[in-house]
Amino acid sequence: MSTAEFTDDEQAEILRFLGYPDWQSMASSIQLGYPAASQPLYLLRDAFHRLTGPARALVRRDVEELKCIENQMSDARQRMRATKLEGVTLNPRETIQLRGELEYWTVRLENDFGCYRNPAAQGGSMPGNINAKVGC
C-alpha cells in the first residue's frame, strides 16, 4: 500500500467520511485570526501532512473498508423489497449491521488522524451533532 502523500481525491474521501465539506477556503470560520474551536477540520487538514508514511498506508486501508461498506449498503438497498430470494432468506438486520460497521471504521479513521468528525454534520450516525431542534 502506498505511503505517498494523500492525493486531492483521497483527501476529499477522508473529509467526506468524517463529515466535512471539501472547501477551498475556510476563512469564514476563523475568529480573531485563529480557527474557531468548533472547527476540528483545521486539525484534520494539518494531519494530512504530518502523518508518517506507514500511518498514511493505514488510513488508506481504513478508507477502503469504509468504501467497501458503503458499496455493501448500496447493494443491500436493492434487496430491501424482498425477504427471500430463490431459497435464500435475507438478513433483516443487514443494513443496521452495516451501519454499525460504518460507524466502527469511521471511529478508526478519526483515531488515525487524532481528531473528531464534524460535530455539526447532519444525518448518519454522527454522535455529538450540535444542531438541535428547538421545541415550542
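What you are looking at is a predicted structure, and each value in this text was computed from that prediction instead of being measured.

(A) A look at the packing of helix α3 (residues 53–79) against helix α4 (residues 94–113). Between α3 and α4, whose axes approach to 9 Å, the crossing angle comes to 165 degrees. Of the possible angle classes, the one that applies to α3 and α4 is roughly antiparallel. Considering only the axes of α3 and α4, their crossing is left-handed. A class-by-class count of the residues in the contact of α3 with α4 yields 12 nonpolar, 3 polar and 10 charged.

(B) Highlighting the confidence of the model for the chain. In this model, the chain carries a mean pLDDT of 81, and residues with pLDDT of at least 70 account for 76%. For the stretch residues 125–136, pLDDT sits under 50, and the model shows 17 contacts to residues farther than four places along the chain or on other chains.

(C) Quick peek at the pattern of salt bridges. Summed over all chains, the structure comprises 10 salt bridges. As a salt-bridge pair, E10 and R60 come within 2.6 Å of each other at their nearest N and O atoms. Of this pair, E10 sits in helix α1 (residues 8–17) while R60 is found in helix α3, placing the two residues 50 residues apart along the sequence. The buried category is assigned to R60, whose relative accessible area is 10%. With a shortest N-O distance of 3.8 Å, D62 and R108 are connected by a salt bridge. Here R108 lies in helix α4 and D62 lies in helix α3, a separation of 46 residues in the sequence. A relative accessible area of 0% means that D62 is categorised as buried. In this structure, a network of salt bridges that share partners links the residues E13, E64 and K67.

Reading the values: the criteria
Residues numbered from 1 in each chain as written. Predicted model: local features only at pLDDT ≥ 70, side-chain atom pairs only at ≥ 80, totals over all residues. Heavy atoms only, no water. Axes fitted to C-alpha atoms, helices over the stretch in contact; angles between N-to-C directions. Helix = DSSP H or I, 4+ residues; strand = E, 2+ residues; numbered from the N terminus. Parallel < 35°, antiparallel > 145°, perpendicular 65-115°, else oblique. Left-handed = near helix turned anticlockwise from the far one by under 90°. Nonpolar A, V, L, I, M, F, W, Y, C, P; charged D, E, K, R; others polar. pLDDT = per-residue confidence, 0-100. Contact = heavy atoms within 4.5 Å. Salt bridge = Lys/Arg side-chain N within 4 Å of Asp/Glu carboxyl O. Buried < 20%, exposed > 50% of the residue type's maximum accessible area, 1.4 Å probe, protein only.

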